[in-house]
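Read off the chains here:
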Amino acid sequence: MTEISDWRYRIERYRLIGVRCRRCGSVYYPKRSKCIKCGSSDLEEVELPKRGRVVEYTIVRLLPDRYNRFHPYAVALIELDDGTRIYGQLTDVDLDKIHEGMEVEATLRKLYEYGESGQIVYGIKFRPVLSR
Ligand SMILES: [Zn+2]
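Residues numbered from 1 in each chain as written. Predicted model: local features only at pLDDT ≥ 70, side-chain atom pairs only at ≥ 80, totals over all residues. Heavy atoms only, no water.

Asker: For the coordination of the zinc ion, give the residues involved together with the corresponding values.
Answerer: Geometrically, a metal with four donors at the corners of a regular tetrahedron has ideal angles of 109.5 degrees, and one with six donors at the corners of a regular octahedron has ideal angles of 90 or 180 degrees. Protein coordination at the zinc ion: the donors are Cys21 (SG), Cys24 (SG), Cys35 (SG) and Cys38 (SG), at 2.3 Å from the metal. Coordination at the zinc ion comes from four donor atoms whose angles at the metal span 103 to 117°, giving a geometry best classed as tetrahedral. All donors of the zinc ion belong to a single chain; written as a sequence motif, their spacing is C-x2-C-x10-C-x2-C. With a relative accessible area of 4%, Cys35 lands in the buried category. (Donors = N, O, S within 2.8 Å, 3.2 Å for Na, K, Ca; no water. Tetrahedral: all angles 85-135°; square planar, octahedral: opposite > 155°, others 65-115°. Buried < 20%, exposed > 50% of the residue type's maximum accessible area, 1.4 Å probe, protein only.)

In structure tokens form, the structure reads like this:
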């Protein structure tokens, strides 16, 4: 992804906008132009709920250079409150305490910096929902 498109999609990422297939109802995040299940390209944008639960997760330890400062980190398959399943990086969490069924919510976080321009790119990560 180029720097310009990163900037263009920044707000969209924060709002967790996906698409729903008008023919079969499948939901995708990130957005795509064609439905994997039925092949239709009649997709409409939908705003997805920001809360969900960890279905399964994995700890990532080998990463490209620009991510090194964050590693290791956890990537989880998350089932959102509407049943949509998406992959997301977990943040603000002790890697030893992640568990299936853990409640998480979307939050805007720094993803990485471009070395030369210093531009900072933000995107969605998921953090544990703290009991109040
Ligand atoms: Zn479809």
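Having seen the structure, we can now continue with the description.
Asker: Talk me through unusual backbone geometry; I want residue IDs and the actual numbers.
Answerer: Cis geometry marks the peptide bond from Tyr29 to Pro30, where omega comes out at 0°. With a phi angle near 55°, Asp92 is a residue other than glycine that sits in the positive phi range.

Asker: Talk me through the side chain of Ser26; I want residue IDs and the actual numbers.
Answerer: Relative to the elements of secondary structure, Ser26 occurs in the loop between strand S1 (17–21) and strand S2 (27–28). Dropping the residues within four chain positions of it, Ser26 is found in contact with Val19, Arg20, Cys21, Cys35 and Lys37. (Helix = DSSP H or I, 4+ residues; strand = E, 2+ residues; numbered from the N terminus. Contact = heavy atoms within 4.5 Å.)

Asker: Describe the side chain of Glu105, listing the residues and the values that go with them.
Answerer: Here Glu105 lies in strand S7 (residues 103–113). At 3.5 Å, the side chain of Glu105 and the side chain of Arg51 are in polar contact. Look past the residues within four positions of Glu105 in its chain and what remains in contact with it is Lys50, Arg51, Lys125, Phe126, Arg127 and Val129. (Polar contact = N/O pair within 3.5 Å; in protein donor to acceptor, adjacent residues only side chain to side chain.)

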